[in-house]
Amino acid sequence: MKHIKRTATAVALTASALLVTACSSGATPETAKNVADDRPIVNKENWPKKIPTSGLTKELTLPLEAYMASYEDQVTIEQAANDLQQSCMKDYGIDLTLPRAGANPPPSDNDANIERRYGITDRAAAEKYGYELPPALQEHTKQGMRDLSGVEVEVLTGHTKPELPQAPEGAKAREAIAVPGQGVKPARAEYNGKKLKTGGCIGWSKEQLGVKEADPTFVAQLAGGSLTQSMKDDKVVKAIAAWSSCMDGKGHTGVADPYKAMDQGVTNDGTPSQESIALAVDDIDCKQQTDLVKVWSGVESAIQDQQIADNKSRLTGIKEQHGKEVAAARKQMAASAQ
């Protein structure tokens, strides 16, 4: 029997970080291959569904999801920006291939992380993987990127190349783009006889797409607040207590809530043991017997409805801005494809 580790999973509250990681790690057209093993670099079959199609959260959505960026939309915006940046660099005589967006999808479509918001919910998946993610979501598609010279960083970012600790070539290049670091200075005024753009080619690409990045975490923060608030509601407290009692009856004593079960069920090496699978299956069966997901999501939906009413103007602005960015990105990608 494999050792089961306790770890602060906090899955429901880390979806935003997962999305960012997956988006920034890149992708390419479905026909492109991973050089290492001939797999498609972007496989949309592995992308999360916008609405769950199986398990206890099948067809379940929360009100705030209407104001969250989907993974597909995030990939579209990032890829359009990458295309513009590469074109911009070429105008300065620099050939640069950036990682493609969408290669390493997260387990959930948006910041709600509805599939695991109330703990695991898909029995078929639990029977195979316990609390672990499916193998396809644990794999990481690597995309090489050459190290950039000082002047290339300046043209791309609008600042000088930061001094970075020793790291692999591709990692150094990506860090130089993403993290200005300490000691950077404004870029030179021009290169190859052309004036550099404000914010470099990255800043220019955002300007072309109208990307403002306003309130980037506001909706996620509301969703985190609604989850925390819902856990204090009497209906949810009773439903979780009933679930815990059910788990106790199946031999899993002292498991206070679904998050504790997830903490216990994650294995050291990422490979599910028979013990973790049994815990996962019983976890979901007890959720079904106690209607925990239905009760919990109902309470949280009411909280989110109130949050939306209280922040209607700001949320509407976020949604409209996001819509403009996606529309501009799609237009840019269509133009690039011609």
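Cut-offs used in this document
Residues numbered from 1 in each chain as written. Predicted model: local features only at pLDDT ≥ 70, side-chain atom pairs only at ≥ 80, totals over all residues. Heavy atoms only, no water. Helix = DSSP H or I, 4+ residues; strand = E, 2+ residues; numbered from the N terminus. Buried < 20%, exposed > 50% of the residue type's maximum accessible area, 1.4 Å probe, protein only. Areas by Shrake-Rupley, 256 points an atom, 1.4 Å probe, with all protein chains shown as cover. Disulfide = S-S within 2.5 Å. pLDDT = per-residue confidence, 0-100. Contact = heavy atoms within 4.5 Å. Phe/Tyr/Trp six-rings, centres within 6.5 Å; stacked < 30°, edge-to-face > 60°. Lys NZ or Arg CZ within 6 Å of the ring centre and 35° of its normal. Expected span 1.5 Å × (residues − 1). Core = buried A, V, L, I, M, F, W, Y, C linked by side-chain atoms within 4.5 Å. Salt bridge = Lys/Arg side-chain N within 4 Å of Asp/Glu carboxyl O. Polar contact = N/O pair within 3.5 Å; in protein donor to acceptor, adjacent residues only side chain to side chain.

## Some words on the overall build of the chain
(1) Moving on: Regarding its fold elements, the chain presents 13 helices and two strands.
(2) Moving on: Sorting the 338 residues of the chain into buried and exposed places 46% on the buried side.
(3) Moving on: Surface summary for the chain: the accessible area is close to 17,200 Å², and the carbon and sulfur share equals 51%.

## With respect to the state of the cysteines
A covalent bond between the sulfur atoms of two cysteines is referred to as a disulfide.
(1) Moving on: Counted according to the given criterion, the structure contains two disulfides.
(2) Moving on: Disulfide partner of Cys88: Cys201, at an S-S distance of 2.0 Å. Its S-S torsion of about -70° marks the bond between Cys88 and Cys201 as left-handed, since a negative value means left-handed. With a gap of 113 residues between them, Cys88 in helix H2 (residues 71–91) and Cys201 in helix H7 (residues 200–209) connect regions that are remote in the sequence.
(3) Moving on: Assessed through its relative accessible area of 1%, Cys88 is described here as buried.
(4) Moving on: Residue Cys246 pairs covalently with Cys286 via a disulfide, S to S 2.1 Å.

## What about the confidence of the model for the chain?
(1) Moving on: Residue-level pLDDT values for the chain average 86, and 83% of them are 70 or greater.
(2) Moving on: Counted against residues more than four places away or in other chains, residues 1–33, with its pLDDT under 50, gives 97 contacts.

## Points about the environment of Ser301
(1) Moving on: Structurally, Ser301 can be placed in helix H12 (residues 292–310).
(2) Moving on: For Ser301, a relative accessible area of 17% translates into the label buried.
(3) Moving on: The residues contacting Ser301, other than those within four sequence positions of it, are Leu62 and Pro63.

## Some thoughts on the packing of aromatic side chains
(1) Moving on: A complete count under the given rule lists three aromatic pairs for this structure.
(2) Moving on: Judged by centre distance (5.3 Å) and plane angle (80°), the ring pair of Trp47 and Tyr71 falls under edge-to-face. You can see Trp47 sitting in the loop between helix H1 (15–25) and H2 and its partner Tyr71 sitting in helix H2, a full 24 residues away along the chain. This pair shows no difference in class: Trp47 is buried, exactly as Tyr71 is.
(3) Moving on: Following the ring pairs from residue to residue traces out a cluster consisting of Tyr118, Tyr259 and Trp296.
(4) Moving on: Positioned above the aromatic ring of Tyr92 is the side chain of Lys194, whose terminal nitrogen or guanidinium carbon lies 5.1 Å from the ring centre.
(5) Moving on: A cation sits over an aromatic face here: Arg314 above Phe218, 3.7 Å from the ring centre.

## Some points on helix H8 (residues 218–230)
(1) Moving on: With 13 residues, H8 ought to run about 18 Å at 1.5 Å a step, and its terminal C-alpha atoms sit 18 Å apart, in line with that.
(2) Moving on: Residues of H8 that are buried include every one of Phe218, Val219, Leu222, Ala223, Gly224, Ser226, Leu227 and Ser230, and no others.
(3) Moving on: Looking at the buried residues of H8, the elements they touch are helix H9 (234–249), helix H10 (258–265), H12 and helix H13 (312–337).

## Examining the nonpolar core
(1) Moving on: By size, the foremost hydrophobic cluster in this structure holds 30 residues, and its most contacted members are Tyr118, Ile120, Ala126, Tyr131, Trp243, Leu292 and Trp296.
(2) Moving on: Secondary-structure elements contributing two or more residues to this core are H9, H10, helix H11 (274–290) and H12.
(3) Moving on: Once residues lying within four places of it in the same chain are set aside, the contact partners of Ala126 are Ile120, Ile277, Ala280, Val281 and Ile284.
(4) Moving on: Membership of the second largest hydrophobic core comes to 25 residues, among which are Leu84, Trp204, Leu209 and Ala329.

## Some details on the pattern of salt bridges
(1) Moving on: Taken as a whole and assessed by the stated rule, the structure comprises 12 salt bridges.
(2) Moving on: Across the salt bridge formed by Arg314 and Asp215, the nearest N and O atoms sit 2.8 Å from each other. Of this pair, Arg314 sits in helix H13 while Asp215 sits in the loop between H7 and H8, placing them 99 residues apart in sequence.
(3) Moving on: Among the residues examined, Arg314 registers a relative accessible area of 41% and is labelled partly exposed.
(4) Moving on: Its salt-bridge partner being Asp257, residue Lys260 comes within 3.8 Å of it at the nearest N-O pair.

## A few points about the environment of Thr217
(1) Moving on: Within the secondary structure layout, Thr217 lies in the loop between H7 and H8.
(2) Moving on: When the C-alpha positions of Thr217 and Met68 are compared, they lie 9.6 Å apart, and in sequence the two are 149 residues distant.

## Re unusual backbone geometry
(1) Moving on: Of note in the backbone geometry, Asn113 takes a positive phi value of approximately 45° without being a glycine.
(2) Moving on: Look at Asp291: it is not a glycine, yet its phi comes out positive at around 55°.
(3) Moving on: Take Asp291: it is sitting in the loop between H11 and H12.

## Regarding the side chain of His322
(1) Moving on: Among the secondary structure elements, His322 is positioned in helix H13.
(2) Moving on: Looking at His322, its side chain comes within polar contact range of the side chain of Asp73, at 3.4 Å.
(3) Moving on: Not counting residues within four places of it along the chain, the set of residues in contact with His322 comprises Ala69, Asp73 and Ile77.

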